[in-house]
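Coordinates in review
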Amino acid sequence: MDKDFEILLRRYNQYLRLEKSFSPNTVAAYKSDLDKYISFMDGEGKDLLNAKLEDIHAFSSVLIDMGIGSISLSRILSGVRSFYRFLLLSDIIETDPTELLEYPKKARKLPDVLSVEEVDAIESVIDLSQTEGQRNKTIIEVLFSCGLRVSELCNLKMSDLYLDEEFIKVFGKGSKQRLVPISRKAINELYLYFEDRKLIDIKPGFEDYVFVSKLRKKNLSRTMVFTMIKEYVAQAGIKKEVSPHTFRHSFATSLLEGGANLRAIQAMLGHESIATTEIYMHIDMSHIRDEILRHHPRNKR
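Residues numbered from 1 in each chain as written. Predicted model: local features only at pLDDT ≥ 70, side-chain atom pairs only at ≥ 80, totals over all residues. Heavy atoms only, no water.

1. Considerations on the overall build of the chain
- Across its full length, the chain carries 12 helices and 3 strands.
- Counting all 301 residues of the chain, 48% fall into the buried class.
- Expressed as a percentage of contacts within the chain between residues at least 6 apart in sequence, the contacts between residues at least 24 apart total 61%. (Helix = DSSP H or I, 4+ residues; strand = E, 2+ residues; numbered from the N terminus. Buried < 20%, exposed > 50% of the residue type's maximum accessible area, 1.4 Å probe, protein only. Contact = heavy atoms within 4.5 Å.)

Rendered as structure tokens:
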């Protein structure tokens, strides 16, 4: 970010505080939402001062694809619109790209989001003295730390784990492969589970699956994971509608709220509906790893 643009942002903050008479908390919220937009535009190589309506639509699509609800989306777009109105009033731009922008209609109810404390509460009710206890705790931790789909979790292979490098290889929809950083807490839980896993007489052909059933002696099914999570959520006294997808949604929301780069989050989730997977072709994987590990609550010291 060059000095001229930094000066412009300071002027915008003054405009919000002095001319709009917004509270410090409101100004901070506007800045946070604008930072998301700036990050997106930088990632796309676009100039904010020459933005088009379609650029803002693309930004909205990123947020929608990540599961951001209509209320939060409207708030973020309101912040973007406020910035462009300031630029127009200041004669910095001649046309406002948000002039014809429509706010999202109220969408269907999205899955609930779990806080870190709620995830901890769910894990705390697991009886680790039971054979499947450590396995189930590890499943919840991996879902929350990596944002996996339940099918991706059930099909995760031992040969896809690169724990020394803090990565796992995931095969998503259409067998598309992606690398996902994994938190140290999830890695520690995996190593504890591996001790129990050694005692299972796994059926031939299923030896490479990470999460296996002692009774079935093969990899877990989606239904088994759904049922297990429902039981622990009830025991923890959490009244939200929680499914494996809830942990995926919570993963993305935690990263977004922590300030992680939108494109990095999108790549980690395996989404491709915004502008095809080509937008990830030139992302430095070490940079993505730093983004996720820095912003995910499980990695904060």
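2. Some thoughts on the environment of Tyr 191
- Note on placement: Tyr 191 falls in helix α8 (residues 184-197).
- When the C-alpha atoms of Tyr 191 and Gln 134 are compared, they prove to be 9.9 Å apart, with 57 residues separating the residues in sequence.
- The contacts of Tyr 191, once residues within four sequence positions are left out, are Leu 163 and Asp 164.

3. Examining the packing of aromatic side chains
- Tallied over the entire structure, the rule returns 13 aromatic pairs.
- Pairing Tyr 37 with Tyr 84 gives two aromatic rings, centres 6.0 Å apart and planes at 80 degrees, and the pair type is edge-to-face. Placement of the pair is Tyr 37 in helix α2 (residues 24-44) and Tyr 84 in helix α4 (residues 70-89), with a sequence separation of 47 residues. The two residues Tyr 37 and Tyr 84 agree in class, both being buried.
- Taken together, the aromatic side chains of Tyr 12, Tyr 15, Tyr 37, Phe 40, Phe 59, Phe 83, Tyr 84 and Phe 86 make up a single cluster linked through ring pairs.
- The ring of Tyr 209 carries the charged tip of Lys 157 above its face, separated from the ring centre by 4.8 Å. (Phe/Tyr/Trp six-rings, centres within 6.5 Å; stacked < 30°, edge-to-face > 60°. Lys NZ or Arg CZ within 6 Å of the ring centre and 35° of its normal.)

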